[in-house]
Amino acid sequence: SNGYCSDVFTDECLDFITRRAGEPFFAYLAFNAPHTPLQIADQWADPYREAGVNEAHARIYGMVSNIDHNVGRVQAKLAELNLADNTLVVFTSDHGPCGSAQNQEAPAGERHRWNGGLRGIKGSVYQGGVQVPSLWHWPGHVPAGRDVDCLAATVDVLPTLADLCGAQLPEQPVDGVSLAAQLTERPGTSPERTVFMQWHRGDAPVRYRNYAAITQRWKVTRPHESAADELYDLARDPHETADIAVAHPDVVERLRQEYEVWFDDVGTTRGARTF
């Protein structure tokens, strides 16, 4: 197909949904925008230029508006096929702002676009690099208009979908947990769990390099293996302004040990080229 990638991907998704409308289906629509190269038609970027947004960010926001438009096309197709009430739609993203898409005209400390006041950008495991939107829409099953304050990660999508569909997961262990109870407001408590993240280049995993162990309240992290562990109370300090590791050494030790178990486990089967 010819055209703008986000439009073409959506065209193919709509065709797939139409062909599979009479049976259960799973469609994964993955856009490559917003991202460099910052190529977007003027019709999408012009409203932001006219509002005084700098050129780089006007193009990025234009890409986001185009994605909004294409998500709307998916929703409209589901409605057209009378599938809207019988289809769970999940929208999420992968990371915070990219350092390659800056406003070069601004002072050095003001070049990144708005990130909700969160610390860090893409490449960091501070919340500004890893906290993203997660929107779930299923009329009649997922109550609308509310926030679910529950730690979650993309590894939770598979067990959650299986739970909601009444399907059995394979015997192979999965890292995620089901969030079905939280989404549907059925009886159940938020699972006590720790989410692990690590982000660095190279073929071999490096213990402690740019890692994080995150619970509903606490986060232990360090930007490099040579640095000391930092601890943040995300419930009170979501912007990660105060490192309180010295005040809670027991929490730091516990989460670091959990991370070490995870690190050893994910590298068990494939060796040094796991990452």
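Residues numbered from 1 in each chain as written. Predicted model: local features only at pLDDT ≥ 70, side-chain atom pairs only at ≥ 80, totals over all residues. Heavy atoms only, no water.

A. Looking closely at the pattern of salt bridges. If you walk through the whole model with that rule in mind, you get 18 salt bridges. Between Asp 46 and Arg 49 there is a salt bridge; the shortest N-O distance is 2.7 Å. Of this pair, Asp 46 and Arg 49 are both found in helix H2 (residues 42-50), 3 residues apart, which corresponds to roughly one turn of the helix. Here the residues in one salt-bridge network are Asp 42, Asp 46, Arg 49, Glu 55 and Arg 59, joined through shared partners. (Salt bridge = Lys/Arg side-chain N within 4 Å of Asp/Glu carboxyl O. Helix = DSSP H or I, 4+ residues; strand = E, 2+ residues; numbered from the N terminus.)

B. Representation of the packing of helix H1 (residues 5-19) against helix H3 (residues 55-80) in the model. Two elements in contact, H1 and H3, have axes whose closest approach is 10 Å; the angle formed by their N-to-C orientations is 10°. Relative to H3, the element H1 is oriented roughly parallel. On H3, the residues that touch Ser 6, Asp 7, Thr 10, Asp 11, Leu 14, Ile 17 and Thr 18 of H1 are Asn 66, Ile 67, Asn 70, Arg 73, Val 74, Lys 77 and Leu 78. (Axes fitted to C-alpha atoms, helices over the stretch in contact; angles between N-to-C directions. Parallel < 35°, antiparallel > 145°, perpendicular 65-115°, else oblique. Contact = heavy atoms within 4.5 Å.)

C. The nonpolar core, seen in detail. Grouped together as the largest cluster of nonpolar side chains are 13 residues, with contacts concentrated most on Val 220, Leu 231, Leu 255 and Tyr 259. Of all the secondary-structure elements, those providing two or more residues to this core are strand E4 (211-214), strand E5 (218-222) and helix H7 (249-266). (Core = buried A, V, L, I, M, F, W, Y, C linked by side-chain atoms within 4.5 Å. Buried < 20%, exposed > 50% of the residue type's maximum accessible area, 1.4 Å probe, protein only.)

D. Molecular detail of a nonpolar patch on the surface. Where nonpolar side chains cluster on the molecular surface, the patch consists of Leu 158, Leu 169 and Val 174 and spans about 220 Å² of accessible area. Structurally, Leu 169 is set in the loop between helix H5 (157-165) and helix H6 (180-184). (Patch = residues over 30% accessible without salt bridge, like charges linked within 9 Å, V, L, I, M, F, W, Y side chains within 5 Å. Areas by Shrake-Rupley, 256 points an atom, 1.4 Å probe, with all protein chains shown as cover.)

E. Just unusual backbone geometry, in detail. In this model, Ala 33 is joined to Pro 34 through a cis peptide bond whose omega is 0°. Topologically, Pro 34 is positioned in the loop between H1 and H2. Here the residue pair Thr 36 and Pro 37 is connected by a cis peptide bond, since its omega of 0° sits within 30 degrees of zero. Within the secondary structure layout, Pro 37 lies in the loop between H1 and H2. At Tyr 208, a residue that is not glycine, the phi angle is positive and equals roughly 80°. Summarising the element assignment, Tyr 208 is placed in the loop between strand E3 (195-198) and E4. Tyr 208 gets classed as buried once you look at its relative accessible area, which sits at 17%. Its identity as a non-glycine residue notwithstanding, Glu 240 has a phi of 55°, on the positive side. One can find Glu 240 in the loop between strand E6 (230-233) and H7.

F. The arrangement of the side chain of Lys 219 in detail. Within the secondary structure layout, Lys 219 lies in strand E5. The exposure class assigned to Lys 219 is buried, which follows from its relative accessible area of 0%. A distance of 2.5 Å separates a polar side-chain atom of Lys 219 from the backbone oxygen of Val 125. Of the polar contacts made by the side chain of Lys 219, one reaches the side chain of Glu 240; its length is 2.9 Å. (Polar contact = N/O pair within 3.5 Å; in protein donor to acceptor, adjacent residues only side chain to side chain.)

G. Structural context of the pairing of E5. Of all 5 residues that make up E5, 5 are buried, and the element is covered over most of its length. In this sheet, E5 lies alongside E4 in antiparallel orientation, the contact comprising 4 bridges. Paired with Tyr 211 across the bridge in E5 is Arg 222. Hairpin remark: E4 followed by E5, antiparallel, with 3 residues in the connecting loop. The sheet contact formed by E5 and E6 spans 4 bridges and is antiparallel. Bridge pairing in E6 links Val 220 to Leu 231. (Pairing = 2+ DSSP bridges.)

H. Focus on H3. For H3, built from 26 residues, the straight-helix expectation of 38 Å at 1.5 Å per residue is met to within 8% by its first-to-last C-alpha distance of 37 Å. The backbone nitrogen of Ala 56 has a side-chain oxygen 3.3 Å away, supplied by the residue at the start of H3, namely Asn 54. Where H3 ends, the next residue or the one after it, Asn 82, has phi of about 60°, a positive value. (Expected span 1.5 Å × (residues − 1).)

I. Seen up close, the side chain of Asp 237. Relative to the helices and strands, Asp 237 is located in the loop between E6 and H7. Of the side chains with opposite charge, Arg 119 lies nearest to the buried Asp 237, which makes no salt bridge, at 7.2 Å. Of the polar contacts made by the side chain of Asp 237, one reaches the backbone nitrogen of Thr 241; its length is 2.9 Å. In this view, Asp 237 contacts Tyr 232 and Ala 242; residues no more than four positions away in its chain are not counted. (Lys, Arg positive; Asp, Glu negative; His and termini not counted.)

The values reported here are purely geometric and, on their own, carry no functional implication.
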